[in-house]
Amino acid sequence: AQTVTQSQPEMSVQEAETVTLSCTYDTSESDYYLFWYKQPPSRQMILVIRQEAYKQQNATENRFSVNFQKAAKSFSLKISDSQLGDAAMYFCAYLDKFNDMRFGAGTRLTVKP
Amino acid sequence: DSGVTQTPKHLITATGQRVTLRCSPRSGDLSVYWYQQSLDQGLQFLIQYYNGEERAKGNILERFSAQQFPDLHSELNLSSLELGDSALYFCASSATGTSGGYEQFFGPGTRLTVL
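Here is a short report on the structure shown in this document. (Residues numbered from 1 in each chain as written. Chains lettered and ligands numbered in written order. Predicted model: local features only at pLDDT ≥ 70, side-chain atom pairs only at ≥ 80, totals over all residues. Heavy atoms only, no water.)

**Things to note about the environment of Thr-18 of chain A**
Residue and element names in this part refer to chain A. Here is the rule we go by: Only runs of H or I of at least four residues qualify as helices and only runs of E of at least two qualify as strands under DSSP, and these elements are numbered from the N terminus. Accessibility here uses a 1.4 Å probe with only protein chains present; expressed as a share of the type maximum, an area under 20% marks a residue as buried, one over 50% as exposed, and anything in between as partly exposed.
Turning to its location among the elements, Thr-18 is positioned in the loop between strand S2 (10-14) and strand S3 (19-21). Residue classification places Thr-18 among the partly exposed residues on the basis of a relative accessible area of 46%. Residues Thr-18 and Gln-83, 65 residues apart in the sequence, show an inter-C-alpha distance of 9.8 Å.

In structure tokens form, the structure reads like this:
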């Protein structure tokens, strides 16, 4: 079964600085999708960014970008110019071609003013 | 706003009781997923429905059941409630197709408190 590991339970970053959240996954599939979801204190799950495994180019959404290393099965999230509103739990997720999604345990990001 | 709605927002009940959580997916989405998130925990996948049929089962207790109706809304039934069932229950929906890879859009969740 596919597993998703987020090895950093907590991270902190100074406002306006850059932070990278780590995620690794285990799979024998070649066709899959990866996501980062954000869960702010409101507890709403918000999609941040997605990456298709067949794409070599790393996905970018404004201040959010990923470093996708398929051979290493690594999928990190970089947040640039961190803002107070970025403070949240961040979940890495793996989706296979059968729409079976697995989530990591999450990383709690604190942004210091 | 994800387009997924869940009712009620909050539910407080006693041990041994039964409750029903309701979810309406985004317009056009055929797949509905249920997740449980206990305090400061990750999301535990419970069950998936696709167009009225059960598609996948995760760590769902026998005391829990779900269904998806012809209008595609879904209900999660929790019975013989225990204190440990207190959690945030999320519903998510996704599009489906032959290409796969459709991300899930989450509702706001139902917070269940069992006293």
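Having seen it, we continue.
**Remarks on the nonpolar core**
Nonpolar side chains tend to gather and get buried jointly when the protein is soluble and globular. Under the convention used in this document: To qualify as a nonpolar core, a set must consist of buried Ala, Val, Leu, Ile, Met, Phe, Trp, Tyr and Cys residues joined through side-chain atoms within 4.5 Å. Residues count as neighbours in contact if any of their non-hydrogen atoms are within 4.5 Å of one another.
Core analysis: the largest hydrophobic core is formed by 25 residues, its most contacted members being Tyr-25, Trp-36, Phe-75, Leu-77 and Tyr-90 of chain A. Among the secondary structure elements, those contributing two or more residues to this core are S3, strand S5 (32-39), strand S6 (46-52), strand S8 (64-69), strand S9 (74-79), strand S10 (88-96) and strand S12 (107-112) of chain A. By residue number, the principal contributor to this core is S10 of chain A, which donates 4 residues. Dropping the residues within four chain positions of it, Leu-77 of chain A is found in contact with Val-19, Thr-20, Leu-21, Trp-36, Ile-49, Phe-64, Ser-65, Val-66 and Tyr-90 of chain A. Listed in part, the 21 residues of the second largest apolar core include Val-19, Trp-34, Ile-47 and Phe-64 of chain B.

**Quick notes on unusual backbone geometry**
Residues other than glycine predominantly adopt negative phi, and peptide bonds predominantly adopt the trans conformation. The residue after Thr-7 of chain B, namely Pro-8 of chain B, is reached through a cis peptide bond having omega -10 degrees. Positionally, Pro-8 of chain B belongs in the loop between strand S1 (5-7) and strand S2 (10-13). Residues other than glycine seldom take positive phi values, yet Lys-73 of chain A does so here, at roughly 55 degrees. Its location among the elements puts Lys-73 of chain A in the loop between S8 and S9. In this model, Asn-51 of chain B sits at a positive phi of 50 degrees, which is unusual for a non-glycine residue.

**Comments concerning the sheet that holds strand S3 (residues 19-24) of chain B**
In a beta sheet, neighbouring strands are held together by backbone hydrogen bonds and run either parallel or antiparallel to one another. All names here are of chain B. Quick reminder of the rule: Two strands qualify as a pair provided DSSP detects at least 2 bridges between them. Angles here are taken between N-to-C directions and fall from 0 to 180 degrees, while the axes themselves are lines fitted to C-alpha atoms, restricted in helices to the stretch in contact.
Taking strand neighbours across the sheet as the criterion, the 4 strands line up as S1-S3-S8-S7 in an open arrangement whose pairing is antiparallel. Each end of this open sheet is capped by a strand with a single partner; those strands are S1 and strand S7 (64-68). Looking at each pair of strands side by side, their axes are set apart by 15 degrees on average, direction ignored. Relative to strand S8 (residues 74-78), S3 runs antiparallel, the two sharing 5 bridges. By the bridge assignment, Thr-20 is partnered in S8 with Asn-77.

**Focus on the pattern of salt bridges**
How we decide: Note on definitions: salt bridges are taken to be side-chain nitrogens of Lys or Arg within 4 Å of carboxyl oxygens of Asp or Glu.
Evaluated as defined, the whole model comprises 9 salt bridges over all chains. The salt bridge involving Lys-73 of chain A is made with Asp-26 of chain A; its shortest N-O contact spans 4.0 Å. Within this pair, whereas Lys-73 of chain A is found in the loop between S8 and S9, its partner Asp-26 of chain A is found in strand S4 (residues 24-26), the two being separated by 47 residues in sequence. The residue Arg-63 of chain B makes a salt bridge to Asp-85 of chain B at a minimum N-O spacing of 2.8 Å. Of this pair, Arg-63 of chain B sits in the loop between strand S6 (53-57) and S7 while Asp-85 of chain B sits in the loop between S8 and strand S9 (87-94), and the two are 22 residues apart along the sequence. Looking at Asp-85 of chain B, the relative accessible area reads 3%, which means it is buried. When salt bridges with common partners are traced through the structure, they connect Arg-50, Glu-52 and Lys-55 of chain A together with Glu-103 of chain B into a single cluster.

**Focus on the packing of aromatic side chains**
Stated precisely, the cut-off is as follows: In this scheme Phe, Tyr and Trp rings, the latter by its six-membered ring, pair at centre separations within 6.5 Å, and the angle between planes marks the pair as stacked below 30 degrees, edge-to-face above 60, and tilted otherwise. A ring is scored as having a charge over it whenever the NZ atom of a lysine or the CZ atom of an arginine sits within 6 Å of its centre and within 35 degrees of its normal.
Under the defined criterion, the tally for this structure stands at 14 aromatic pairs over all chains. A centroid spacing of 5.3 Å and a plane angle of 65 degrees characterise the contact between Tyr-25 of chain A and Tyr-32 of chain A, whose relative ring orientation is edge-to-face. For the pair Tyr-25 of chain A and Tyr-32 of chain A, one class covers both residues: buried. A ring pair is formed by Trp-36 of chain A and Phe-75 of chain A, whose centres lie 6.2 Å apart and whose planes are at 25 degrees; its orientation type is stacked. Of the two residues, Trp-36 of chain A is situated in strand S5 and Phe-75 of chain A in strand S9; the sequence distance between them amounts to 39 residues. Neither Trp-36 of chain A nor Phe-75 of chain A differs from the other in exposure class; each is buried. Within the aromatic cluster, the residues linked to one another by ring pairs are Phe-35, Tyr-37 and Phe-103 of chain A together with Tyr-35, Phe-45, Phe-90 and Phe-106 of chain B. Between Arg-55 of chain B and the ring centre of Tyr-50 of chain B, over which it is positioned, the NZ or CZ distance is 4.7 Å.

That's the geometry; what it means functionally is another story.
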